[in-house]
Number of protein chains: 2
Amino acid sequence: MSDGWSVVESPFRVEHARAYEGLFTLGSGYLHVRGSLEEHLSDAPQDLSYTRLPANVTSEKFPATKAKWGTYVAGIFGRHPLLNSEMINLPWFLGIVPRVDGQRLDLEQCTVEDYRRELRMDTATLVRTLRWRTASNKTVDVCFERFVSAVRPYLCVQRMTLTPGEAMQVDVEVGIDANVRTNGYDHFIHVETGRAGGSALACFVHTDAHDQVGIVTQATAPRIVWKHKPDGRTATLRAELDLPQGKTWTLEKRTAVQTTRDLDPWDLVTCLTQVQPMSFEELHAEHAAVWRSRWAACDVIIEGDPDSQRAMRTALFHLLRAHVPGDSRVAIDAKGYSGDAYWGRFFWDTEMYLLPFYLYTDPPRARTLAEFRVQSLDGARANARRYGYDGARYPWESDSQGNECCPNWQYADHEIHVTADVVYGLSHFARATGADEYLRGPAAEVVVETARYWLQRVDRRPGDEGLSLLAVMGPDEYVPISSNNSYTNRLASFALALAAEVGEAGGASPSERTAFAEASQQLDILRAADGELVLQCEEFERLAEPRFDELWKDRSKPFASQVSQERLYRSKCLKQADVLMLMTLFPDEFTDQQVRRAWDYYLPYTTHDSSLSPGAHAIVAVRLGRMGDAWRFWVAGRALDLDVTHGGAAEGIHIANAAAVWQMAVQGFAGMRTAMQSDVLTLRPRLPEAWTRLAFPIVWKGCPAYVDANHKGVTVANRGPEPLAVTVYGRTHEIPAGGQQRWEVPA
Amino acid sequence: MSDGWSVVESPFRVEHARAYEGLFTLGSGYLHVRGSLEEHLSDAPQDLSYTRLPANVTSEKFPATKAKWGTYVAGIFGRHPLLNSEMINLPWFLGIVPRVDGQRLDLEQCTVEDYRRELRMDTATLVRTLRWRTASNKTVDVCFERFVSAVRPYLCVQRMTLTPGEAMQVDVEVGIDANVRTNGYDHFIHVETGRAGGSALACFVHTDAHDQVGIVTQATAPRIVWKHKPDGRTATLRAELDLPQGKTWTLEKRTAVQTTRDLDPWDLVTCLTQVQPMSFEELHAEHAAVWRSRWAACDVIIEGDPDSQRAMRTALFHLLRAHVPGDSRVAIDAKGYSGDAYWGRFFWDTEMYLLPFYLYTDPPRARTLAEFRVQSLDGARANARRYGYDGARYPWESDSQGNECCPNWQYADHEIHVTADVVYGLSHFARATGADEYLRGPAAEVVVETARYWLQRVDRRPGDEGLSLLAVMGPDEYVPISSNNSYTNRLASFALALAAEVGEAGGASPSERTAFAEASQQLDILRAADGELVLQCEEFERLAEPRFDELWKDRSKPFASQVSQERLYRSKCLKQADVLMLMTLFPDEFTDQQVRRAWDYYLPYTTHDSSLSPGAHAIVAVRLGRMGDAWRFWVAGRALDLDVTHGGAAEGIHIANAAAVWQMAVQGFAGMRTAMQSDVLTLRPRLPEAWTRLAFPIVWKGCPAYVDANHKGVTVANRGPEPLAVTVYGRTHEIPAGGQQRWEVPA
């Protein structure tokens, strides 16, 4: 396996088990399973009931079980009495438990050598090998493999092989276990488990949102007679057999999952019988072929720095996994379907972080993300009504229907920039894919309805010339209620201007469009007295100094974990980029001097408590030529999921940061402007010192291209059938269809 | 019964049942029972379980059962999983259900004539009479009486008499019912019910806070044999008998309540056997005697306006009822022990609204309220620690231990003025009662510890000369997070100055005291550019116009019930007096011109959504000579509990407003300055047009006096053994011991 294509766990350390579970999540978009151990760990019950209260997520403590199962199907949400809609953690079906001479495999209690678990990202396969020295003083080589089929998204395929060093008595259990909770809550109002034929088990659950989910698993192995062990919410098959020395014994487990929300309902048993003639290798081959073609469309090559290469592929792997192809009823939740932590909900991350990667590598995937907001417009309308407004107001934390699920009023009520972010995302989709007509078609109603909301949400204060957006929370969530947050004002202004432009198609009257245009021009970006410093909001300069030196004792943990929320809310401490985030979106509206001024002013105040922080900062740092800073943020961002010693992906993949890893490389180090920022593909590569090559494919307004940069220059290949204009190092050129061209860094 | 001593319900209307339950609450301080009907209503189950979430109380909707039982013992709190500590609604023991010829008395379903229920406030007795025309076409006159003994605070005495118009078969049930909830939650982890001797029932509950509560009830009546009907959480005695025509039959029910928190534990059975030799009349007579002496010490006579007289006595009645004599482990909760609504917790109402009434009518009662904060200092210390501060920080919503119980962060985190209010209250106690040494004795530690908190809570912003209190919520809770709220700054400054003065006794070092003094001088009251308008906070002028005309459609309901919290929080709408509240506390620090300016500026923005609003406004209106406004606020305040058509006391008595009713009369219309505002008893009566006389007793620094005013002048009687200085209409005089003097209104 070439460098950078795999993530390896070796040896096993129980304190990192949760982190690897998240990091090793496999999935097909439709179905996702965390990387939990087939044989599980002892003392890690998965049915702990507890009350998770609405609270500040940054500083929340989770129950510290050693392991956390996670089985998710996109779109299967349940109703939590305190927390509103949340994605349900479904029954666990990965269980395969071998016993040798009566001893159960358990990584904490057994003697295990040569432990190695490898996520092979090229084929989205998880492989674990180990040598088990049993209590009966024998050895057996164990190998577990699993993948979730990219061809048959409902199908998970597993294999266990045992190669005994001595003859031994083996006993194996396979099962489905519905004794699970989601954030401590039981969403199953009815569970049925049972045997479904000789070697198959079935589990059906009815959720509290009236969905039904069926899981059928089939275990096949030579020389074995399964006995069914019914036990309430679990279904188990168990068999005993004697294994001769040296002969490898193989067990296969195939599981199909079906729900009442599936777009094309299939028959569970048919799912498995259809693939019965196919061997493990055949199923894996068709799966691997899909993954290889996915990689071809998006792989970013980083040479000279294996850690960066691996981190980049890890990010891309989860972005490819987490997107649900063809289903616009869901977007990508904050943890990319790999943990319960953010309740499986959809945030502004969708538009501002996730969308660009898909836009420039796989536009059809990007389209489902755009359409998710179009199809959830009715939820946004109802949400506006609840707040006393006409039009549409997108929820801060959305479920599939666009319902506001956030139980914390400060975000739900005040973090209204999401409504403009949605419109920015739709516009970005239209411009990047060349689907200009989209804004005058399906998206027009969203643009007009949200503009109607903005018209009612603005205030004109006595004595002011312009309009104000009061009591808003910007991207920096540590100033909870502020006036005229520059980010929010600019995005709302953008959305209003677009509504004035395309509003006719969305049903806006001429007078409405005039009103949109006028309001758009009256929402300002705030500047300090010096005219250079862009202010985050009216109040910012009058907040208290944060006194980090005194109060932030342990810099490895968020500032928010070490002071009260009350202090956060009165201090000049930023959770993440706010003005700088704005500057990444509208770079031409700010001079380098202004960006530098903002950087110098806000950075010392920024805690980076949010995983959304490194990405934006790295991009701005590259613009300013502060390559040391850019590298620092790149390193912070690439580590978020991989650094298991600091928790990593224990509660789920930081999927927006994964997309930001791509952005840092492409929009940062390669200096690519988005289609919102330039009509022409524009590049200005400036690589980190450690890198010798940065290369990636891109789709620009429908035209496929390949960018290949090093410290000396950049080559762009036009892989499309038409000429492609590119602006490199500030000069514009045209590359003929199928051609490629190289430019050296100007002296 | 002379005018103004009783509140009458006639006829019965089910839609007002809850309001009369609250209004007719009886109590001994220790034990309180809402005025629920002995025979109860059908379809009004009391064991509805529901989840009451942390939410904005002003706009919260309660389950609309027809009736709401309430049995409270001061200090018995339980643990709610979401809402923290709350006062427990204990088992209901008032039940007496008569049946005639098989028909159960039910006010909604039976034919009832001449219904009249009267709260006789002079003797704290509830009497209900009615004529019941039964389904068997007979008539029976029914009378129910009840009182909670002021002599034996654990004892509730009830009597029912039946006078049949014809011979009839009667069947009677008496019982104790533990099928109750508190805000939808069951706090009983164990309930035992049973018969305790021939005519007695017992009920013991263990609460989730590990208190035990015992209730024993004894029912006696001639010619009756009780049968016990055990039924889980209820205990019932039932008997049948034949009543001859015209002969009155009497049933008595006596109930004793005991808890593990009682200061002097008594034996439940002894409680009842001790009083067995005493007749109903004897028990009532000793009870009534105590109430008459209480009234003598505080009754406010208003002549010329019976509605005002009745409202005044209703307020005083509940103030006398709700205070727990001699027990400083509790204060008076926000609903005066007459409803579940504010969870039985203690707010700033204690110091700023309730305390003055007790200070000037019954100083020993006032002492327990002051001492409540002294004894809960450890809770306030722990609360400071939780927020990352030294010293003591009093909770916004306190239980008996000073724990913060408020589950809504905006109040708990930011409404910090309570910590200064507590110190103001202690100082007020010391000055009003002449117990100056109190501040250098028991209260000194509170003063110093809270000052230590303030020293750490202030910020010095770059460029500012003074100190700031940032991110605070003032009394106006509709500006959730503001900077330098004038009320909070002034109160904190007051508290710091006091700590500098008396700090030595509280263990403050000389350098600490210097720091207290310096900080005190650096917290300013904000003024607008004109120098006259006192600003509520730095942000106020930049908030949005509230647009009441457009948005506040139904003025009979709170503004907050008609707009979203988000709009409240960004608009210039006040929930209640804020700057004006400050001006009632420190009247000499503001010129009439400044007060007028504040009045004119803030009043149009004030919603009076809080029941704390009318009192402060009426007092300021009298100062400004705006007697029409003063009258309007008086009428609004006096109606709050009595106006059953608008809900009245359905969820409990507005006890702070009850105290404000006294304040409006004494501090408003009689123009009495508090001891915080004047060393000499100072009066400047200005009566509403409708009143012909306003007279009340007062205790000034230990000296009893009597004030008797009309439109022409005022007479002050010195009932103490020393000469008493008084300032009347701006001139100071001395009244000899036992003497009295009259002054006419100056021309």
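Everything numeric in this text was worked out from a predicted model, so none of it was measured.

**Here we look at the overall build of chain A**
Thought 1: Of the regular secondary structure elements, chain A holds 20 helices and 27 strands.
Thought 2: C-alpha extents for chain A along the principal axes are approximately 85 × 60 × 55 Å.
Thought 3: For chain A, buried positions account for 55% of its 747 residues.
Thought 4: Taking as baseline every contact in chain A between residues at least 6 positions apart, the subset at least 24 positions apart corresponds to 67%.

**Here we look at the nonpolar core**
Thought 1: Formed by 460 residues in total, the largest nonpolar core has its most connected members in Val 447, Ala 495 and Ala 499 of chain A together with Val 447, Ala 495 and Ala 499 of chain B.
Thought 2: If we skip the residues at most four places from it in the chain, Ala 499 of chain B touches Val 447, Val 448, Ala 451, Ala 508 and Phe 516 of chain B.

**Topic: helix H9 (residues 417-433) of chain B**
Residues and elements named next belong to chain B.
Thought 1: The end-to-end C-alpha distance of H9, which contains 17 residues, comes to 24 Å, matching closely the 24 Å that a straight helix rising 1.5 Å per residue would cover.
Thought 2: For H9, a buried count of 17 out of 17 residues is recorded, marking the element as mostly surrounded by other parts of the structure.
Thought 3: Following H9 by one or two positions, Gly 434 adopts a phi angle in the positive range, close to 75°.

**Quick notes on the sheet that holds strand S26 (residues 731-735) of chain A**
Residue and element names in this part refer to chain A.
Thought 1: Read from one edge to the other, the open sheet built from three strands follows the order S21-S25-S26, with strand pairing classed as mixed. Strand pairing shows two members of the sheet lacking a second neighbour, strand S21 (681-683) and S26, which therefore form its edges. Taken over all neighbouring pairs, the strand axes of this sheet differ in orientation by 30° on average, direction set aside.
Thought 2: Pairing of strand S25 (residues 724-728) with S26 involves five bridges; the strand directions are antiparallel. In the sheet register, Leu 724 faces S26, and the bridge partner there is Ile 735.

**Quick word on the interface of chain A and chain B**
Thought 1: Each partner contributes to the interface: chain A provides 26 residues, whereas chain B provides 26 residues.
Thought 2: Taken together, the elements giving at least two residues each to the side of chain A that touches chain B come down to helix H8 (409-414) and helix H15 (565-570) of chain A.
Thought 3: Of the residues forming the side of chain A that touches chain B, the biggest block, five residues, is contributed by H15 of chain A.
Thought 4: Per-class residue counts for the side of chain A that touches chain B are 13 nonpolar, six polar and seven charged.

**Describing the packing of helix H9 (residues 417-433) of chain A against helix H12 (residues 486-502) of chain A**
Residues and elements named next belong to chain A.
Thought 1: Put simply, H9 and H12 touch, their axes get as near as 8 Å, and they point 50° apart. By the criterion of interaxial angle, the relationship of H9 to H12 is oblique. As H9 runs across H12, the sense of the crossing is left-handed. Seen from H9, the contacting residues are His 417, Ala 420, Asp 421, Val 423, Tyr 424 and Ser 427; seen from H12, they are Tyr 487, Thr 488, Leu 491, Ala 492, Phe 494, Ala 495 and Leu 498.
Thought 2: Its residues assigned to classes, the contact of H9 with H12 shows nine nonpolar, three polar and one charged.

**A few points about the packing of helix H18 (residues 613-623) of chain A against helix H19 (residues 627-639) of chain A**
All names here are of chain A.
Thought 1: Where H18 meets H19, the axes come as close as 8 Å, and the angle between the chain directions of the two elements is 160°. Here H18 is positioned roughly antiparallel relative to H19, judged by the angle of their axes. Crossing hand, H18 versus H19: left-handed. Residue-level contacts link Pro 614, Gly 615, His 617, Ala 618, Ala 621 and Val 622 of H18 to Asp 629, Ala 630, Phe 633, Trp 634, Ala 636 and Gly 637 of H19.
Thought 2: Grouping the amino acids of the contact of H18 with H19 by side-chain chemistry returns eight nonpolar, three polar and one charged.

**A short note on the domain arrangement of chain A**
Residue and element names in this part refer to chain A.
Thought 1: Once the domains are mapped, chain A shows domain 1 (6-42 + 64-297), domain 2 (299-678) and domain 3 (694-744).
Thought 2: Each of domain 2 and domain 3 has a C-alpha centre, and these two points are 29 Å apart.
Thought 3: Listed as interface residues are 15 residues of domain 2 and, on the opposing side, 11 residues of domain 3.
Thought 4: Elements that contribute at least two residues to the side of domain 2 that touches domain 3 include exactly strand S20 (301-303), helix H5 (349-361), H9 and helix H20 (655-669).
Thought 5: Among the elements that make up the side of domain 2 that touches domain 3, the one with the highest residue count is H20 (three residues).
Thought 6: Classifying every residue of the side of domain 2 that touches domain 3 by side-chain character gives 11 nonpolar, four polar and no charged.

**With respect to H20 of chain A**
Thought 1: Taking 1.5 Å per residue, 15 residues should reach 21 Å; H20 of chain A reaches 20 Å between its end C-alpha atoms and fits that length.
Thought 2: Across the 15 residues of H20 of chain A, 15 count as buried, placing the element largely inside the fold.

**Side note on the pairing of strand S10 (residues 125-133) of chain B**
Residue and element names in this part refer to chain B.
Thought 1: Strand direction decides the pairing type here: strand S9 (residues 111-120) and S10, joined by eight bridges, are antiparallel. Across the sheet, Thr 111 pairs through a bridge with Arg 133, a residue of S10.
Thought 2: A loop of four residues connects S9 with S10, the two strands running antiparallel in sequence, and Ala 124 in this loop sits at a positive phi of about 50°.
Thought 3: Here S10 runs beside strand S11 (residues 139-148); their pairing, made up of eight bridges, is antiparallel. Counted as the bridge partner of Arg 133 is Thr 139 from S11.
Thought 4: Between the antiparallel neighbours S10 and S11 lie five residues, among them Asn 137 with a positive phi of about 65°.

**Here's the deal with the relation of the copies chain A and chain B**
Thought 1: Take chain A, turn it by 180°, move it 0.0 Å along the axis, and it overlays chain B with an RMSD of 0.0 Å. Both copies of the chain, as the preceding transformation shows, are related through a two-fold rotation axis. Measuring from the rotation axis to each C-alpha of chain A, the shortest distance belongs to Ile 481 of chain A, at 3.7 Å.
Thought 2: In this assembly, 100% of the residues forming the interface of chain A have copies in chain B that are likewise at the interface, indicating an isologous arrangement.

**Some thoughts on unusual backbone geometry**
Thought 1: Omega for the bond connecting Ser 10 of chain A with Pro 11 of chain A falls within 30 degrees of zero, at -5°, which places this linkage in the cis form.
Thought 2: Considering the arrangement of structural elements, one finds Pro 11 of chain A in the loop between strand S1 (6-9) and helix H1 (17-23).
Thought 3: Phi angles above zero are rare outside glycine, and Asn 137 of chain B is one such case at about 65°.
Thought 4: With respect to the helices and strands, Asn 137 of chain B occurs in the loop between S10 and S11.
Thought 5: The phi angle at Tyr 337 of chain B is positive, at roughly 55°, despite the residue not being glycine.
Thought 6: Summarising the element assignment, Tyr 337 of chain B is placed in the loop between helix H4 (306-322) and helix H5 (349-361).
Thought 7: The buried category is assigned to Tyr 337 of chain B, around which 31 C-beta atoms lie within 10 Å.

**Quick look at the sheet that holds strand S26 (residues 731-735) of chain B**
All names here are of chain B.
Thought 1: One open sheet accounts for three strands, arranged S21-S25-S26; its pairing is mixed. For this open sheet the edge positions go to strand S21 (681-683) and S26, each flanked by a neighbour on one side alone. The sheet shows a mean angle of 30° between the axes of neighbouring strands, direction not considered.

**Focus: the pairing of strand S13 (residues 168-177) of chain B**
Moving residue by residue along a regular strand, the side chains alternate between the two faces of the sheet.
Residue and element names in this part refer to chain B.
Thought 1: As judged from the five bridges shared by strand S7 (residues 96-100) and S13, these two strands associate in the antiparallel manner. Within S13, the position partnered with Pro 98 by the bridge is Val 172.
Thought 2: Of the pairings in the sheet, the one linking S13 to strand S18 (residues 234-243) comprises 10 bridges and is antiparallel in character. If you follow Gly 175 over to S18, its bridge partner there is Thr 236.

**Some points on the confidence of the model for chain A**
Thought 1: Considering every residue of chain A, the mean pLDDT works out to 95; 98% of them sit at 70 or more.
Thought 2: Model confidence for the complex is summarised by a pTM of 0.95, with the ipTM given as 0.93.

**A few points about the environment of Arg 686 of chain B**
All names here are of chain B.
Thought 1: For Arg 686, the location among the structural elements is in the loop between S21 and strand S22 (693-700).
Thought 2: Owing to 17 C-beta atoms within 10 Å, Arg 686 belongs among the partly exposed residues under this scheme.
Thought 3: Between the C-alpha atoms of Arg 686 and Gly 625, which are 61 residues apart in sequence, the distance is 8.7 Å.
Thought 4: Ignoring sequence-local partners within four residues, the contact set of Arg 686 consists of Val 622, Met 627, Phe 669 and Gly 671.

Definitions and limits used
Residues numbered from 1 in each chain as written. Chains lettered and ligands numbered in written order. Predicted model: local features only at pLDDT ≥ 70, side-chain atom pairs only at ≥ 80, totals over all residues. Helix = DSSP H or I, 4+ residues; strand = E, 2+ residues; numbered from the N terminus. Buried ≥ 20, exposed ≤ 12 C-beta atoms within 10 Å, placed from the backbone. Contact = placed C-beta atoms within 7 Å. Core = buried A, V, L, I, M, F, W, Y, C linked by C-beta atoms within 7 Å. Expected span 1.5 Å × (residues − 1). Pairing = 2+ DSSP bridges. Axes fitted to C-alpha atoms, helices over the stretch in contact; angles between N-to-C directions. Nonpolar A, V, L, I, M, F, W, Y, C, P; charged D, E, K, R; others polar. Parallel < 35°, antiparallel > 145°, perpendicular 65-115°, else oblique. Left-handed = near helix turned anticlockwise from the far one by under 90°. Domains from an automatic or database assignment. Least-squares fit on C-alpha atoms with pLDDT ≥ 70 in both. pLDDT = per-residue confidence, 0-100.

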